[in-house]
Structure formats: structure tokens, C-alpha cells
Amino acid sequence: MRFIYDRIKYGKESVKDPLYLNESSYGRIEVKDVCSGCGKCIPECLAGAIKLENGKARVDEKSCIYCGRCIDICGQGAISNSHEYRLADLELAGNDLKKKIYKKFKRSLVLRSVDTGSCNACMLELSAMSNNYYSLTRYGIDFAASPRHADGIVVTGPVTINMKEALIKAYEAMAEPKIVIAVGACAHDGGIFKDSYGVVNILSEIIPVDLTIPGCPPSPQALIYGLLKLLDRV
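A brief report on the enclosed structure follows. (Residues numbered from 1 in each chain as written. Predicted model: local features only at pLDDT ≥ 70, side-chain atom pairs only at ≥ 80, totals over all residues. Heavy atoms only, no water.)

Some points on the environment of Glu205
Relative to the elements of secondary structure, Glu205 occurs in the loop between α6 (185-189) and β10 (211-213). Note on Glu205: relative accessible area 55%, which makes it exposed. For the pair formed by Glu205 and Asp189, sequence separation is 16 residues and the distance between their alpha carbons is 9.8 Å. (Helix = DSSP H or I, 4+ residues; strand = E, 2+ residues; numbered from the N terminus. Buried < 20%, exposed > 50% of the residue type's maximum accessible area, 1.4 Å probe, protein only.)

Rendered as C-alpha cells:
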């Protein structure tokens, strides 16, 4: 009865299209042609994601934590936030990925979350992805309590010394084809913690990565887009 009362009172809570563009959210950092290559933005970058190439700044989207410090320091207005959250990148070539994933997981996907030392921000966004508003399960994607019951693992945070062995065990416990999804800048290359004494190798040097979803943390929209891209449904 409580469920019926809630539906009458609040109506439908799930957003029809969770992949809508939100102009208030962070997204791809763009460098315009007016960039003079002064390099002032480089020491401001906490994650070391900015380098000079051909006399202009270039931002590594996977390493970027979207803090906006580079935008604030640029006196030329050459750096801006595009609000484009669709940054997920498939790590395997098209034919290899289709052979590994598409035929088997065209309709559904069960994942297991593995936190290897995050600040918990990415975990909160993963949790939000499954709430009534975003309703991840409508796409046939859900989370399991054990890697033995999962088709893939979602890794958040830099790989710390104490979690490396647990990560490998979780990976080995999965059945083939063993999908690995790196969520956030820390899972990609350690983020702002990459030089810490407690962080070991980057994730891709420990286990093979199939999908990288950049962000610090990536929004539920970015996460859903990446998962649907993995399944070839966007």
C-alpha cells in the first residue's frame, strides 16, 4: 500500500532520458585556437594532465580531474569547460571488443564494484546511478555482491598496496570474458594520488581494461553513457 501511495503522490520519478546534456555539469576541457602556449596552466594542473604540443596546451581527458584551475589561470580565455560528459573510451579495437562482449552481453550486464582505494566520490556516483531518477536497471544492467556472479568489475580509485591482491583475486574469480571498467581519473592512472607511496602500478598494468570512464568523479550520466557504449547501445 505504501508503494501505491508513493506513486500517486510523486508520480513517475525516473528521468525519461538520463543522457540529456546538462549545462551545469563539468565535461571535456577544450583548448581554443587562441592559445599562445604560455604554459601557465601546466603547473596549475593537480593531475599533470596538461602538456604543450605544437605550441598549444593539450589536456589528457582520462587524467583530468576537471577542477577548473587551468580555466581560472588562463588570461587569454583559451581554456573552457564544454560540459560534454560523453568521454567514455573503449580500450579494445572494434572487432576485438565485439568478439569479447557484444555477442554475449547484448541485452544485459551484471557488474561487481571493486574499490581499490578511492575517496568514495566515484562510489557515490555509482550508487546514484541505480536510484529512482536514473534507474540503471531499466537497461538490463545491475550489480552483484560477488565477482563470481558478475560479467565484469567496475574499479574505482588508485590501486593501493593493500588492495592489489584483492583486485587480482576479484578479476580471477570472474568467468570469461572478464570485463574490466576503469571509473574515474584515479582508476586510469592514479589521479592526484599517482605519486603516493601507497599506490602501486596503474590499473591497466595489473589487469586488462576494456572501458575507461573519465571524471573526478564521473557523473551518473557519464557512467550510463559508458556502459551503454560498451554494449553498443548508443
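From this point, the discussion proceeds with the structure in view.
Re the sheet that holds strand β7 (residues 141-143)
With respect to topology, six strands assemble into an open sheet ordered β5-β10-β9-β8-β6-β7, the strand pairing being mixed. Of all the strands in the sheet, just β5 (89-90) and β7 have a single pairing partner and so form its edges. Sheet contacts for helix α4 (residues 121-128): β6 (109-115), β7, β8 (152-156) and β9 (179-183); angle to β8, the most-contacted strand, approximately 135°. (Pairing = 2+ DSSP bridges. Contact = heavy atoms within 4.5 Å. Axes fitted to C-alpha atoms, helices over the stretch in contact; angles between N-to-C directions.)

Topic: the pairing of β6
Alignment of β6 against β7, held across three bridges, turns out to be parallel. Looking at β7, one finds that Leu109 is bridged to Ile141. Summarising the sheet, β6 and β8 pair through five bridges and their orientation is parallel. By the bridge assignment for β8, Leu111 is matched with Gly152.

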